[in-house]
Amino acid sequence: MRLQACRFFHSVGKLMFATFRNLRRHVAVLAALAMLASVLVAVPVVAADDPPEPSYTATFDGCLDVPSSGFEDVPASHANAGDIDCIAYYGITKGTSMTTFSPLMSVSREHMALFLTRLAGKVGIEVTSTPDDAGFTDIGDLSDKSQLAINQLADLGIAKGTTDTTFSPGDSVRRDHMALFISRLMDLMDPMTDGDDDDGDFGYTPTDVVDNDVPTSDGKKQAIGTPFADLGPTTKLAYDAITQLYELGVASGISDTAYGPSALITRAAMAEFMAAVLDHSNARPAGLSIQTSPGTAFGEVDDGSVVVSMRNDSFAPVADQAVDIFSSEDGALDEDGACKTGEDAPDGDCVWNDNDEFTDGDGNIIMTGTATEGETNVYYAWIGEEDADKFDSDDVEYVSASIASSNAEQSLKITTSLARQTINNQADLDKVKSVTITVQLVDGEEDTDTNNGTGDPVARSGVEIKVGINLGGAIINNSAATRTTDDDGKVTYVVDAPEDDDDDDDVHADAAANPPVAEADLEDRDDLITFTYVKGGAGLSGGAESNSVTIMWTEDNSITSSSTGTAPVYVVPDKDGDVSITASMTLYDQFGRGFREAARHMVGINFGTGQEGTANVNRNGSATRRVVIGDSDGEANPPVGTEIEVTYVAEPDSATATNDDVTDIDTEEAQVAKMVQVVTRADDEDTGAMTMDMLLADDNEFLADDADAGTPNSDLVYAYDENDIFINGVGDMESTGERISLEKFEEMLGSKLASTFPDDNDTKATINVIAYKPGGVSIFQVTLAAAVVS
């Protein structure tokens, strides 16, 4: 019994001891987890379709126009070729051999120390040559340079050892550790400023991201973050460093959504990080350089920046250097490379500074940059031998940079994926399941008749357009219904058709029935989609901030609703003087589809007096008629220089084709007569002064007649191409007397105004045809540019 009792208590004791031991182990694990939780970070989830963009990128380029490094394993097409060229130019890297860089090789901690100390010196960080011994016991076998670099990094607080006494110089650097090293280095440097204060207007550091003192356009704090979804296992310090470097535009990922914190950093990625650090710093290439911000813009620029920098051969700033600076719009330099003045510069002389500018203590001259809307302002800088040296681009060494301004957006232009001939945006619910609406920024004013934007597209990205949705009277509150313009300056929105699940019950209206039948059970719906210009640009000066479109979903039967007519612009008689003309007409239903009603098989297509006639309509709604005028016995040939009027009649009289009104066509386009000019093709004898009547830019042709003949219509057709010579003969222009491009030639003939000039008050271009060689080289001189003056 005692023996059993002893065994029992012995077993209980062992059990209790094991329990307490396990309990201590669990407590230790919990404590370790608590400590781990204090250094690990919970990574916020970022929507894949809305990744954050860096908010603190550098304004200027520290690697401007650096030469190629010449590494054979880094072709110009390599993604990091520019970064590698940059750090090689500054002497930060020397390559793995005289001819190779080994971009995919990992970076050892020893080499990282060498790279970072060289980088630190280039960005203005004071690096002592006699640092304290950091006490690492595993670096004694390294070169003196490597030992110095490691101790210098430790002295600066950029890199710590892997333990208190070891640095592990042979270990490869992980990407999260590299972010820590770069972040600490950047916080030791002074970023490039505007020269007046230390706000870091042109460059930033990780501390600036932490302070988050650069507001958004609406005055709010920036949203700080990254698109990387794999930062969960990282420490809080590493997470912050990666986030800050991403916001600075310094760190990128191994993919769009992954940073790869535990992966080894490659030499190419290291070069990318370091080149971006140089951008934020005051480092600039040796010699004289100039940069502008913004390089491109929309609308007038009155608050840009121009930075002229001077550095010595060691890349150190050169203070108190006199520099001559001036600016000019395009064309302000004459053919000899000097500034135009007086009468030679009707659009303005070169804009000179009154005196030489002098570089400041950072080796920079910082000025305000400007550009007129739609123009390019070029800034020139050079070091002359004395004040006001005459500038001649052919003789002096200079640098230049420009601010190019494009026309800003003035209105919103809305189009849909429905056919162009659709009436009132009607969509056939039985065949169309969705409609895509496109909103384009344009530089013209809003048309008062259509309430739609006009002009050329403005390719401005980043403009927010809010979408208001009203589906059949039901307002949809959708906070995600905001679109941002793409690189083409447009946004799209898709409207889905309403459900149509009772086709068997649909009853369409039939007024001809006895008794008439009214529609019933149709899923017709009007969807109103409103687009509002929110922010990101300069605002809309040529139209309302909002524009809308209504999609009319309907199950109505097709009816003839519109039509179009086509005819040639000109015809050339044959050798007998006969003229052959072919014209077509197409009928459309309300949905913009070619359509032929059961009872309508003919339309009228008339070619002037005496040439009335009809043509059969095919199943696609099209009809074509061809006539030869002058072919019949006794019929006169149409004289060259006259016009033949082509008219279209959707409902011709059953006996003869007449010009009866088209009562059931909603548009007037079908009734607009087409005027066909009877012309001859110009030959090498048709030179001299000509008045242009019509430009056919798509075909590289124009119609014209003798300027002295006084005839009302064209009688010649000229062809031109890029091999011909075009001269500006219009006085008081920058390019007067100079050869111009084909595009400029067409612009002067009226390509930017209209294809025809229907009003007698409009000014038509005049052209001196100096030489005309069909198939060879012709010479055209524009003596009067076209203009709409009515």
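Residues numbered from 1 in each chain as written. Predicted model: local features only at pLDDT ≥ 70, side-chain atom pairs only at ≥ 80, totals over all residues. Heavy atoms only, no water.

Caption draft 1: Focus on the overall build of the protein. Per the secondary structure count, the protein includes nine helices and 34 strands. Here the protein, with 790 residues, has 41% of them falling under the buried criterion. The long-range fraction of contacts in the protein, counting pairs at least 24 apart against all pairs at least 6 apart in sequence, stands at 69%. Element-wise, carbon and sulfur atoms account for 47% of the exposed surface of the protein, whose accessible area totals about 40,700 Å². (Helix = DSSP H or I, 4+ residues; strand = E, 2+ residues; numbered from the N terminus. Buried < 20%, exposed > 50% of the residue type's maximum accessible area, 1.4 Å probe, protein only. Contact = heavy atoms within 4.5 Å. Areas by Shrake-Rupley, 256 points an atom, 1.4 Å probe, with all protein chains shown as cover.)

Caption draft 2: Representation of the pattern of salt bridges. The full count for this structure, using the stated rule, is ten salt bridges. Across the pair R525 and D527 runs a salt bridge, and its minimum N-O distance is 2.7 Å. Assessed through its relative accessible area of 21%, R525 is described here as partly exposed. For D576, the salt bridge goes to K575, with nearest N and O atoms at 3.7 Å. Linked by salt bridges that have partners in common, D428, D589 and R593 make up one network. (Salt bridge = Lys/Arg side-chain N within 4 Å of Asp/Glu carboxyl O.)

Caption draft 3: Summary view of the layout of surface pockets. By volume, the second largest pocket is sized at about 680 Å³. Lining the second largest pocket we find 22 residues, and of these T422, N424, N425, T450 and N452 sit closest to its centre. A total of four residues in the lining of the second largest pocket trace back to one element, the largest contributor, which is strand β18 (residues 546–554). Tallied by class, the residues present in the lining of the second largest pocket amount to five nonpolar, 15 polar and two charged. (1 Å grid on protein atoms, 1.4 Å probe; cavity = no way out; pocket = protein on both sides within 12 Å on 5 of 7 lines; lining within 4 Å. Points joined across faces, edges and corners; volume = space filled by probe spheres on them. Nonpolar A, V, L, I, M, F, W, Y, C, P; charged D, E, K, R; others polar.)

Caption draft 4: Geometry of a negative patch on the surface. A cluster of acidic side chains, namely E335, D336, D394, D395 and E738, defines a negative patch on the protein surface. Within the fold, D395 resides in the loop between β8 (376–382) and β9 (398–406). (Patch = residues over 30% accessible without salt bridge, like charges linked within 9 Å, V, L, I, M, F, W, Y side chains within 5 Å. Lys, Arg positive; Asp, Glu negative; His and termini not counted. Charge placed at Lys NZ, Arg CZ, Asp CG, Glu CD.)

Caption draft 5: Focus on the sheet that holds strand β7 (residues 364–371). Spatially, β1-β3-β7 is the arrangement adopted by the three strands of the open sheet, whose pairing is antiparallel. The open sheet has two edge strands, β1 (287–293) and β7, and neither has a second partner. Averaged over all pairs of adjacent strands, the angle between strand axes in this sheet comes to 25°, irrespective of strand direction. Across seven bridges, the pairing between β1 and strand β3 (residues 301–311) is antiparallel. Residue G287 lies in a different strand from β3, and its bridge partner there is R311. (Pairing = 2+ DSSP bridges. Axes fitted to C-alpha atoms, helices over the stretch in contact; angles between N-to-C directions.)

Caption draft 6: Inspection of the packing of aromatic side chains at higher detail. Evaluation of the coordinates by the stated rule reveals 24 aromatic pairs. Where F136 meets F167, the ring centres are 5.4 Å apart and the plane angle is 50°; that geometry is what we call tilted. Here F136 is found in the loop between α3 (109–122) and α4 (144–156), whereas its partner F167 is found in the loop between α4 and α5 (175–186), with 31 residues between them in sequence. Note on F136: relative accessible area 12%, which makes it buried. Members of the aromatic cluster, connected to one another through ring pairs, are F702, Y718, Y720, F726, F745, Y772 and F780. When the ring centre of F167 is taken as reference, the NZ or CZ atom of R109 above it lies at 4.3 Å. Here the basic side chain of R175 rests over the ring of Y259, its NZ or CZ set 4.3 Å away from the ring centre. (Phe/Tyr/Trp six-rings, centres within 6.5 Å; stacked < 30°, edge-to-face > 60°. Lys NZ or Arg CZ within 6 Å of the ring centre and 35° of its normal.)

Caption draft 7: Quick look at the packing of α5 against helix α8 (residues 267–280). Look at α5 against α8: their axes get within 12 Å of each other, and the N-to-C directions meet at 20°. In terms of orientation, α5 lies roughly parallel with respect to α8. Here α5 and α8 pass one another in a crossing that is right-handed. Packed against α5, whose contacting residues are R175, M178, I182, L185 and M186, the element α8 presents A269, M270, F273, M274, V277 and H280 at the interface. Each residue belonging to the contact of α5 with α8 can be placed in one class, and the counts come to nine nonpolar, one polar and one charged. (Parallel < 35°, antiparallel > 145°, perpendicular 65-115°, else oblique. Left-handed = near helix turned anticlockwise from the far one by under 90°.)

Caption draft 8: Structural view of the sheet that holds strand β22 (residues 602–607). The strand order across the open sheet built from five strands is β20-β26-β25-β22-β23, with neighbouring strands paired in mixed fashion. Of all the strands in the sheet, the pair left with one neighbour each is β20 (570–571) and β23 (614–616).

Caption draft 9: Local environment of the state of the cysteines. Taken as a whole, this structure holds one disulfide when the rule is applied. A disulfide bridge connects C63 with C86, and the sulfur atoms are separated by 2.0 Å. Taking the torsion about the sulfur-sulfur bond, which here is approximately -70°, the covalent link between C63 and C86 counts as left-handed. You can see C63 sitting in the loop between α1 (2–39) and α2 (81–89) and its partner C86 sitting in helix α2, a full 23 residues away along the chain. Judged by relative accessible area, which is 12%, C63 ranks as buried. (Disulfide = S-S within 2.5 Å.)

Caption draft 10: Quick look at the confidence of the model for the protein. Overall, the prediction assigns the protein a mean pLDDT of 83, with 78% of residues at 70 or greater. Contacts of residues 45–49 to residues separated by more than four positions or lying in other chains number three contacts, the stretch itself having pLDDT below 50. Long-range and interchain partners of residues 344–348, a stretch whose pLDDT sits below 50, account for three contacts in this model, where long-range means more than four residues apart. (pLDDT = per-residue confidence, 0-100.)

Caption draft 11: Region of interest: the side chain of S102. Following the sequence through the fold, S102 ends up in the loop between α2 and α3. In terms of polar contacts, S102 uses its side chain to reach the side chain of T96, at 2.8 Å. Setting aside its immediate chain neighbours within four residues, S102 contacts D73, T96 and R267. (Polar contact = N/O pair within 3.5 Å; in protein donor to acceptor, adjacent residues only side chain to side chain.)

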